[in-house]
Amino acid sequence: AQTVTQSQPEMSVQEAETVTLSCTYDTSESNYYLFWYKQPPSRQMILVIRQEAYKQQNATENRFSVNFQKAAKSFSLKISDSQLGDTAMYFCAFMTSGAQKLVFGQGTRLTINP
Amino acid sequence: GAGVSQSPSNKVTEKGKDVELRCDPISGHTALYWYRQSLGQGLEFLIYFQGNSAPDKSGLPSDRFSAERTGGSVSTLTIQRTQQEDSAVYLCASSDVAGGADTQYFGPGTRLTVL
């Protein structure tokens, strides 16, 4: 069974700083997808970024980028120039190519302080 | 366009009562998913629909839980004889086609409280 581990339950940084959230996963599959979702207090899960395992290039979306290390089964999220609106729970998620369900980590509560 | 909508936003019920939770997916999305988010268990997959059929029901925790989807659109998750451990946020998501190539878009969830 696939598992996703987020080892940082909580993190806190000052506005404009860079922060990295860690995520590791365990799978024997070779074809899969990785995601970071953000969940603000409104409860709405919002996709931040996604990465296909067959792509060697790390995905980027504006201030958000990932460091995907396939051999190490690591998928960290870097947020640059952090903003107050980045305050939220962040979930790392995994999906194999043949399955239809996301497997989530336990989440990291990120607080951006003014 | 409109995103995934869920109703009600919050539901308080008494132990032993039945509840129905509704999900309206993004228009045109053929795949629909239900997840449960609770303090103790985190985010768990419940069931997945492709069209009106449910190829994967493996996450439903007991036979008190059921779901259906009609017209390839709206889905209803029903919990019979609710128990206190059913208290959680129930999230619905939809995607354009099934499979990892398509991102799942989530609704705001229904917070269920069983007294």
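Up top is the structure these notes are about.
Structural notes, computed from the coordinates. Just so it is clear, the structure is predicted and the values come from calculations on it, not from any experiment. (Residues numbered from 1 in each chain as written. Chains lettered and ligands numbered in written order. Predicted model: local features only at pLDDT ≥ 70, side-chain atom pairs only at ≥ 80, totals over all residues. Heavy atoms only, no water.)

1. Digging into the nonpolar core
Residue and element names in this part refer to chain A.
- Grouped together as the largest cluster of nonpolar side chains are 25 residues, with contacts concentrated most on Tyr 25, Trp 36, Phe 75, Leu 77 and Tyr 90.
- Elements supplying a minimum of two residues to this core: β3 (19-21), β5 (32-39), β6 (46-52), β8 (64-69), β9 (74-79), β10 (88-96) and β12 (108-113).
- Here this core takes four residues from β10, the largest share from any one element.
- Beyond its immediate sequence surroundings of up to four residues, Tyr 25 is in contact with Thr 3, Val 4, Tyr 32, Leu 34, Phe 68, Gln 69, Lys 70, Lys 73, Ser 74, Phe 75 and Phe 94. (Core = buried A, V, L, I, M, F, W, Y, C linked by side-chain atoms within 4.5 Å. Buried < 20%, exposed > 50% of the residue type's maximum accessible area, 1.4 Å probe, protein only. Helix = DSSP H or I, 4+ residues; strand = E, 2+ residues; numbered from the N terminus. Contact = heavy atoms within 4.5 Å.)

2. Description of the environment of Ser97(A)
- Structurally, the position occupied by Ser97(A) is in the loop between β10 and β11 (103-104).
- Sequence-wise, Ser97(A) and Tyr32(A) are 65 residues apart; in three dimensions their C-alpha atoms are separated by 5.0 Å.

3. Thoughts on the state of the cysteines
Residue and element names in this part refer to chain A.
- Summed over the entire model, instances satisfying the criterion amount to two disulfides over all chains.
- Between Cys 23 and Cys 92 runs a disulfide, and the two sulfur atoms are separated by 2.0 Å. On the sign convention where negative means left-handed, the S-S torsion of about -70° between Cys 23 and Cys 92 marks this disulfide as left-handed. Here Cys 92 lies in strand β10 and Cys 23 lies in the loop between β3 and β4 (24-26), a separation of 69 residues in the sequence. As far as the burial class goes, Cys 23 and Cys 92 line up, both buried. (Disulfide = S-S within 2.5 Å.)

4. Some words on the sheet that holds strand β1 (residues 5-7) of chain B
All names here are of chain B.
- Across the sheet, which stays open at both edges, the four strands sit in the order β1-β3-β8-β7 with antiparallel pairing between neighbours. Taken across any chain shown, the strands that pair with only one partner, and hence form the sheet edges, are β1 and β7 (65-69). Here the strands of the sheet are splayed against their neighbours by 15° on average, with no regard to which way each runs.
- Of the strand pairs in this sheet, β7 and strand β8 (residues 75-79) are connected by five bridges, and their pairing is antiparallel. If you follow Ser 66 over to β8, its bridge partner there is Thr 78. (Pairing = 2+ DSSP bridges. Axes fitted to C-alpha atoms, helices over the stretch in contact; angles between N-to-C directions.)

5. A few points about the pattern of salt bridges
- Counted by the stated rule, this structure contains eight salt bridges over all chains.
- Of the charged contacts, one joins Lys55(A) and Glu52(A) as a salt bridge, the two residues approaching to 3.7 Å between their closest N and O atoms.
- A salt bridge links Asp86(B) to Arg64(B), with the shortest nitrogen-to-oxygen separation between them at 2.8 Å. Highlighted residues: Asp86(B) in the loop between β8 and β9 (88-95) and Arg64(B) in the loop between β6 (53-56) and β7, separated in sequence by 22 residues.
- Among the residues examined, Asp86(B) registers a relative accessible area of 1% and is labelled buried.
- Here the residues in one salt-bridge network are Arg50(A), Glu52(A) and Lys55(A), joined through shared partners. (Salt bridge = Lys/Arg side-chain N within 4 Å of Asp/Glu carboxyl O.)

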